[in-house]
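The chain contents come next:
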Amino acid sequence: MHGLLITFVCEASPDDLAEPFADYAARLRDQPGLVSKAWIATDDGYGGFHVFVDRAAAEGYLSSELAAGLMATEGFDDFEVRHFDVLDDLSALTGVVAAAA
């Protein structure tokens, strides 16, 4: 599996973003190769740790219209994207399991 940590700066409150983030989450569920996403709040914004079945699926998400729309959202600034190899066997022990191929 492959992980992406995506963070961005945003001054909007969690309450203001609840509906747009819920809409985004509903669309993200259909992203090919997505295993899970943990939504996070940072000191100055938001983001998420995404787990994909492999790096190709992660790259597919990053080049998708869904990700492009997110990154073009007014008020969402200074995006940072970091890639990680996921330790599959240990992650399976803690509940992160890739979908069967």
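Look up: the structure comes first, before these words.
Residues numbered from 1 in each chain as written. Predicted model: local features only at pLDDT ≥ 70, side-chain atom pairs only at ≥ 80, totals over all residues. Heavy atoms only, no water.

### Describing the nonpolar core
1) Next: Ranked by size, the top nonpolar core spans 17 residues in total, and within it Y61 and F76 carry the most contacts.
2) Next: Listing elements by their share of this core, those giving two or more residues are β1 (2–9), α1 (14–28), β3 (45–52), α2 (55–62) and α3 (65–71).
3) Next: When neighbours within four sequence positions are excluded, Y61 is seen to be in contact with L4, I6, Y24, L28, Q31, H50, F52, L66, A67 and L70. (Core = buried A, V, L, I, M, F, W, Y, C linked by side-chain atoms within 4.5 Å. Buried < 20%, exposed > 50% of the residue type's maximum accessible area, 1.4 Å probe, protein only. Helix = DSSP H or I, 4+ residues; strand = E, 2+ residues; numbered from the N terminus. Contact = heavy atoms within 4.5 Å.)

### Observations regarding the sheet that holds β3
1) Next: In spatial order, the strands read β2-β3-β1-β4; together these 4 strands make up an open sheet with antiparallel pairing. A single partner strand is all that each edge strand has here, and the edge strands are β2 (34–41) and β4 (77–85). The average angle at which neighbouring strand axes cross in this sheet is 15°, direction not considered.
2) Next: The pairing of β1 with β4 spans 7 bridges and is classified as antiparallel. (Pairing = 2+ DSSP bridges. Axes fitted to C-alpha atoms, helices over the stretch in contact; angles between N-to-C directions.)

### Brief notes about the packing of aromatic side chains
1) Next: One pass over the full model with this rule turns up 9 aromatic pairs.
2) Next: Pairing F8 with F79 gives two aromatic rings, centres 4.9 Å apart and planes at 25°, and the pair type is stacked. One end of the pair, F8, is in strand β1; the other, F79, is in strand β4, with 71 residues separating them in the sequence.
3) Next: Taking relative accessible area as the criterion, F8 reaches 5% and is therefore assigned buried.
4) Next: Taking 5.8 Å as the distance between ring centres and 80° as the angle between the ring planes, the aromatic pair formed by F21 and Y46 counts as edge-to-face. Of this pair, F21 sits in helix α1 while Y46 is found in strand β3, placing the two residues 25 residues apart along the sequence.
5) Next: Taking the relative accessible area as the measure of exposure, F21 reaches 17% and is therefore buried.
6) Next: By way of ring pairs, the aromatic residues F8, F21, Y24, W39, Y46, F76 and F79 are connected into one cluster.
7) Next: The positively charged end of K37 is found above the aromatic ring belonging to W39, 3.4 Å away from the centroid. (Phe/Tyr/Trp six-rings, centres within 6.5 Å; stacked < 30°, edge-to-face > 60°. Lys NZ or Arg CZ within 6 Å of the ring centre and 35° of its normal.)

### A few points about the environment of H83
1) Next: Within the secondary structure, H83 sits in strand β4.
2) Next: For the pair formed by H83 and R55, sequence separation is 28 residues and the distance between their alpha carbons is 8.5 Å.
3) Next: Side-chain polar atoms of H83 contact the side chain of H2, separated by 2.8 Å. (Polar contact = N/O pair within 3.5 Å; in protein donor to acceptor, adjacent residues only side chain to side chain.)

### Some details on α2
1) Next: Looking only at α2, the buried set comprises A57, A58 and Y61. All buried residues of α2 fall inside an arc of 100° around its axis, so they share one side.
2) Next: The distance from a side-chain oxygen at the start of α2 to the backbone nitrogen of A56 is 3.3 Å, and the residue carrying that oxygen is D54. (Arc of directions from axis to C-beta.)

### Regarding the environment of V9
1) Next: Tracing the backbone through its elements, the reader meets V9 in strand β1.
2) Next: What makes V9 partly exposed here is its relative accessible area of 24%.
3) Next: Distance from V9 to A56, taken between C-alpha atoms, is 26 Å for residues 47 residues apart in sequence.
4) Next: Residues within four places of V9 in sequence aside, it is in contact with D44, G45, G75, F76, D77 and D78.

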